[in-house]
Amino acid sequence: DCREILLPTMTDQLKYHLERQEDLEACCQLLSNILEVLYKKDVGPTQRHVQIIMEKLLRTVNRTVISMGRDSELIV
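Numbering of residues starts from 1 in each chain and follows the order in which that chain's sequence is written. Predicted model: local features are reported for residues with pLDDT of at least 70 only, side-chain atom pairs are reported and counted for 80 or more only, and whole-chain, interface and lining totals are derived from all residues. Water and hydrogen atoms were dropped before computing side-chain values, which therefore reflect all heavy atoms in the structure.

An unreviewed UniProt entry lists the chain under the name DOCK1 protein, from Geococcyx californianus.

Here's what the structure looks like:
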């Protein structure tokens, strides 16, 4: 139930900071943590939550990665 409330807020904040190239390392870590939790099998249905993340953040994440360049420390 708390994911229904927190996920939209968190994705909005991530998008805001990614678009402004602010706190990229923290954004990467937060997004990674969210996806790790959603990947676990014992957290209930997650397909809708992954879809929300994809719809809100995929384009922004792609643009951010492209703008960072290959020599960025955050790109592994």
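(A) Inspection of the packing of helix α1 (residues 2-19) against helix α2 (residues 24-39) at higher detail. All axes here are fitted lines through C-alpha atoms, helices being fitted over the stretch that makes contact, and every angle between N-to-C directions spans 0 to 180 degrees. We count a stretch as a helix when DSSP gives it H or I for four or more residues in a row; a strand needs E for two or more, and each element gets its number in order from the N terminus. Contact geometry of α1 with α2 gives a least axis separation of 10 Å together with a crossing angle of 150 degrees. In terms of axis orientation, α1 runs roughly antiparallel to α2. Crossing handedness for the pair α1 and α2: left-handed. Of the residues in α2, those in contact with Arg3, Leu7, Met10, Leu14, His17 and Leu18 of α1 are Leu24, Cys27, Leu30, Leu31, Ile34 and Leu38. Any angle from 65 to 115 degrees is called roughly perpendicular, while one under 35 is roughly parallel, one over 145 is roughly antiparallel, and all others are oblique. For a crossing to be left-handed, the near helix must be turned anticlockwise from the far one by less than a right angle; the clockwise case is right-handed. Should any heavy atoms of two residues lie within 4.5 Å, those residues are counted as being in contact.

(B) Structural detail: the side chain of Thr11. Considering the arrangement of structural elements, one finds Thr11 in helix α1. We classify Thr11 as buried; its relative accessible area is 1%. Beyond its immediate sequence surroundings of up to four residues, Thr11 is in contact with Ile53, Lys56 and Leu57. Only protein chains enter the accessibility calculation, which uses a 1.4 Å probe. A residue is then buried if its area is under 20% of the maximum for its type, exposed if over 50%, and partly exposed in between.

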